[in-house]
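Secondary and tertiary structure notes
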Amino acid sequence: PDAERLGEVLAQLHRAMADIWEVRPGSAADWVELMQANLAHAASVEAESSEGSVLPVDAIAAAFQRAAAVRSAGADIRIHGDLHLAQVLKADSGWKVLDFEGEPARRREERVTRSSPLRDVAGMLRSLHYVAAVGVADWGSDDPEVLLLAEAWEERNREAFLAGYLGADADAVALLPADADDRLTLLAAFELDKAVYEVLYELSHRPELVHVPLAGIRRLLPSEATR
């Protein structure tokens, strides 16, 4: 229920931001251009790291190109830009969203963020994956039952969050791609873009955790693309 309510709050936030700031037609090609630039930067950084080359760059780029070709991109609005579980507080009155300064490692021109609302949605979904993965690591166990419980927790909260977002506010949903397949394709691209950013962050600050975003990337790509 908490995850579902968080999805509802994000939908309401997006509608409020769309009411205050200009709503423009979204351009999947423009969003993907930024994704490709971030991917190229991450690939160059990881090539110089002690971890070696780990990103499946070609497979990620192909997923981005599929996103660039969607027929309906939805709206381009002012969004949070760095949404994850550490940016929200659960109070008696409900969820509170904090810190609208954008991702600190992004280029300055990207910090005050206009994009698809799906970028914020993707950020929260990636955060749920981190909670599950880091929780298993902290547990210090390779017990298959623990792994299955963590996966089930993530999937249950992911589904509830998306259900809350998509069911909360028709005006907010109208900001998304009208076509359901296009919506899923774009959401996967934004999740991949966030995971690429996470790889770059972990290589720079916590290389022992780089496996977390890499696992997310593998899950988001077709299995044959990561072989």
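As a reminder, the structure under discussion sits directly above these lines.
Before going into details, it helps to say that this report is about the structure given with it. (Residues numbered from 1 in each chain as written. Predicted model: local features only at pLDDT ≥ 70, side-chain atom pairs only at ≥ 80, totals over all residues. Heavy atoms only, no water.)

**What about the pattern of salt bridges?**
As enumerated under the stated definition, the model contains 10 salt bridges in all. For Arg5, the salt bridge goes to Glu8, with nearest N and O atoms at 3.0 Å. Within this pair, Arg5 and its partner Glu8 are both found in helix 1 (residues 2–20), separated by three residues, close to a single helical turn. According to the relative accessible area criterion, Arg5 is partly exposed, its value standing at 34%. Measuring nitrogen to oxygen at the nearest pair gives 3.5 Å for the salt bridge that ties Lys194 to Asp82. You can see Lys194 sitting in helix 7 (residues 180–205) and its partner Asp82 sitting in the loop between strand 2 (75–78) and strand 3 (88–91), a full 112 residues away along the chain. Lys194 sits in the buried class, given a relative accessible area of 10%. The exposure class of Asp82 is buried, given its relative accessible area of 8%. (Salt bridge = Lys/Arg side-chain N within 4 Å of Asp/Glu carboxyl O. Helix = DSSP H or I, 4+ residues; strand = E, 2+ residues; numbered from the N terminus. Buried < 20%, exposed > 50% of the residue type's maximum accessible area, 1.4 Å probe, protein only.)

**Section: the packing of helix 1 against helix 4 (residues 117–139)**
As a packed pair, helix 1 and helix 4 sit with axes 11 Å apart at the nearest point and diverge in direction by 155°. As far as their axial angle goes, helix 4 and helix 1 are roughly antiparallel. Crossing hand, helix 1 versus helix 4: right-handed. Every residue of helix 4 that contacts helix 1 at Leu6, Leu10 and His14 is listed here: Pro117, Asp120, Val121 and Met124. Class assignment of the residues belonging to the contact of helix 1 with helix 4 gives a composition of five nonpolar, one polar and one charged. (Axes fitted to C-alpha atoms, helices over the stretch in contact; angles between N-to-C directions. Parallel < 35°, antiparallel > 145°, perpendicular 65-115°, else oblique. Left-handed = near helix turned anticlockwise from the far one by under 90°. Contact = heavy atoms within 4.5 Å. Nonpolar A, V, L, I, M, F, W, Y, C, P; charged D, E, K, R; others polar.)

**Considerations on helix 8 (residues 211–220)**
Within the sequence span of helix 8, burial applies to Val212, Pro213, Leu214, Gly216 and Ile217. Residues of helix 8 that are buried make contact with helix 3 (57–68), helix 4 and helix 7.

**Structural notes on the packing of aromatic side chains**
Evaluated as defined, the whole model comprises one aromatic pair. Both rings, one in Trp31 and one in Phe190, keep their centres 5.8 Å apart while their planes meet at 55°; by these two values the pair is tilted. Of this pair, Trp31 sits in helix 2 (residues 28–47) while Phe190 sits in helix 7, placing them 159 residues apart in sequence. Its relative accessible area of 6% is what places Trp31 among the buried residues. It is Arg78 that lies over the ring of Trp21; its NZ or CZ is 4.7 Å from the centre. (Phe/Tyr/Trp six-rings, centres within 6.5 Å; stacked < 30°, edge-to-face > 60°. Lys NZ or Arg CZ within 6 Å of the ring centre and 35° of its normal.)

**A look at the sheet that holds strand 1 (residues 24–25)**
Strand order in this open sheet of three strands is 1-2-5, and the pairing throughout is antiparallel. In this open sheet, the two edge strands, each paired with only one partner strand, are strand 1 and strand 5 (114–115). (Pairing = 2+ DSSP bridges.)

**Here we look at the pairing of strand 3**
As defined by bridge partners, strand 3 adjoins strand 4 (residues 94–97) across four bridges and the pair is classed as antiparallel. When the bridges of strand 4 are listed, Leu89 appears paired with Lys96. Counted between consecutive antiparallel strands, the loop separating strand 3 from strand 4 contains two residues.

**Regarding the side chain of Ser115**
With respect to the helices and strands, the residue Ser115 is situated in strand 5. Classification of Ser115 as buried rests on a relative accessible area of 2%. Aside from chain neighbours lying at most four places away, what touches Ser115 is Trp31, Ala75, Asp76, Ile77, Ile79 and Phe190.

**So, the side chain of Glu202**
Counting through the fold element by element, Glu202 comes out in helix 7. A polar side-chain atom of Glu202 sits 2.7 Å from a polar atom in the side chain of Tyr130. Ignoring anything within four residues of it in the chain, the contact list for Glu202 reads Tyr130, Pro207, Leu209, Val210 and Pro213. (Polar contact = N/O pair within 3.5 Å; in protein donor to acceptor, adjacent residues only side chain to side chain.)

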